[in-house]
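# Reading the structure
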Amino acid sequence: MAPVVPITRQNQIARSGHQDDPHDICVSDLNDCFIYDRYGVCKTFSGLFQHNRAIIIFVRNFLCYTCKEYVEDLGKIPQHMLQESNVRLVVIGQSSYSHIEGFCALTGYPHEIYVDPQRQIYTKLGMRRGETYMETPSKSPHVKSGLLIGSLKSMWRAMTSPAFDFQGDPLQQGGALIVGPGPEVHFAHFDMNRLDHMPINWLLQMAGLQTLDFSDSPKVIHI
């Protein structure tokens, strides 16, 4: 495991979300929580980080345009880079598992993805429902669409999908954890609104990985 590189800019940038004290989060309380893969196979949440470090991203819902564009950038992370550092990258949604295949095809996301359809993990971690914006809301570097166009795209996807639903609770917010090996939580961030995703390069650095250029193709940035 490569040493974790400190992010010197983190305390200088005001974000609308909040970074929870990792010591206040006990993932052992989630041992009875289960997640489901694209085939509906049930797995334990704790199995994601039992033997390795894991970056775990909780998304709002699979129809959300901001989540789609964020996960598109997550999909640009090379698999070999994760394997070489023994780090798992996991996305968790809160829809039926039947929506996973379509979401991955839409975003090109090739890594691990599961769902928590009853939102047990979201609830136990205390992730919020509803959106809160500060006077100067943060803008995700991974979201390219504006509110109007993005919302119209989400509605069109809902109308043209086989089952007309929101593919998850539209009020539920997500977040990010870096956990493991074992139950140790290294970092936690719970989103305040749909644009409050943690920048992916911050997560990569805190997990001991190199950063990437997400503007086009995933080029390694040497720092």
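Since this is a predicted model, take the numbers as computed values, not measurements.

Definitions and limits used
- The numbers attached to residues start from 1 for each chain and follow its sequence in the written order.
- For a predicted model such as this one, the threshold for reporting local features is a pLDDT of at least 70, and the threshold for listing and counting side-chain atom pairs is 80 or more; totals across whole chains, interfaces and linings nevertheless cover every residue.
- Values reported for side chains reflect all heavy atoms of the structure, with hydrogen atoms and water molecules removed beforehand.
- When a residue's accessible area, from a 1.4 Å probe over protein chains only, is under 20% of the maximum for its type it is buried; when over 50% it is exposed; and in between it is partly exposed.
- In DSSP terms, a helix is any run of H or I states spanning at least four residues, a strand is any run of E spanning at least two, and both are numbered starting from the N terminus.
- When we speak of the arc, we mean the arc of directions from the helix axis to the C-beta atoms.
- Cavity means a closed set of points on a 1 Å grid over the protein atoms alone, one where a 1.4 Å probe fits but cannot get out, pocket means an open set with protein on both sides within 12 Å along at least 5 of 7 lines, and lining means a residue has an atom within 4 Å of a point.
- Grid points are joined across faces, edges and corners, and a volume is the space filled by probe spheres set on the points.
- Under the scheme applied, nonpolar residues are Ala, Val, Leu, Ile, Met, Phe, Trp, Tyr, Cys and Pro; charged residues are Asp, Glu, Lys and Arg; polar residues are all the others, including Gly.
- Polar contacts, as counted here, are pairs of nitrogen or oxygen atoms within 3.5 Å of one another; within protein the pair requires one atom able to donate a hydrogen and one able to accept it, and residues that are adjacent in sequence qualify only if both atoms are side-chain atoms.
- Two residues qualify as a contact provided that any one of their heavy atoms is within 4.5 Å of a heavy atom in the partner residue.
- Nonpolar core, defined: a set of buried Ala, Val, Leu, Ile, Met, Phe, Trp, Tyr and Cys residues in which side-chain atoms within 4.5 Å join the residues together.
- A pair of strands is treated as paired once DSSP finds two or more bridges between them.

Right, let's get into helix H3 (residues 100-107). When we look at burial in H3, the residues that qualify are Ile100, Phe103, Cys104 and Thr107. Mapping the buried residues of H3 onto a view down its axis gives an arc of 95 degrees, with all of them on the same face. The first or second residue beyond H3 is Gly108, which carries a positive phi of 75 degrees.

As enumerated under the stated definition, the model contains 1 cavity of 30 Å³ or more in all. Roughly 40 Å³ of volume is contained in the largest cavity. Looking at the largest cavity, the residues that line it are Ile57, Phe58, Tyr70, Gly175, Ala176, His189, Asp191, His197 and Met198. Elements represented by at least two residues in the lining of the largest cavity include exactly strand E4 (53-58) and strand E7 (175-179). Of the residues in the lining of the largest cavity, the class split is 5 nonpolar, 3 polar and 1 charged.

Following the sequence through the fold, His111 ends up in the loop between H3 and strand E6 (112-115). At a separation of 2.8 Å, a polar atom in the side chain of His111 contacts the main-chain carbonyl oxygen of Ile77. At a separation of 2.7 Å, a polar atom in the side chain of His111 contacts the side chain of Gln79. Among residues more than four places away in sequence, those in contact with His111 are Leu74, Gly75, Ile77, Pro78, Gln79, Leu82 and Leu89.

The subject of this paragraph is the nonpolar core. If you look at the biggest cluster of nonpolar residues, it comprises 34 residues, and the most contacted ones within it are Ile55, Ile57, Leu74, Ile77, Leu203 and Leu204. Listed by contribution, the elements that provide at least two residues to this core are E4, helix H1 (65-74), helix H2 (79-84), strand E5 (87-93), H3, E6, E7 and helix H6 (200-206). Of the residues forming this core, the biggest block, 5 residues, is contributed by H6. Leaving out residues up to four positions away in the same chain, Leu203 has contacts with Ile55, Ile57, Tyr70, Ala176, Ile178, Phe187 and Met198. Of all hydrophobic cores here, the second largest spans 23 residues; its members include Phe58, Val90, Ile92 and Leu177.

This brings us to the pairing of strand E8 (residues 185-190). Along E8, 5 of the 6 residues are buried, which leaves the element largely enclosed by surrounding structure. Sheet topology places E7 next to E8; 5 bridges connect them, and they run antiparallel. In the sheet register, Val179 faces E8, and the bridge partner there is Val185. Hairpin connection of E7 to E8: 5 residues between the antiparallel strands, including Gly180 at a positive phi of 95 degrees.

So yeah, pure geometry; function would need other evidence.
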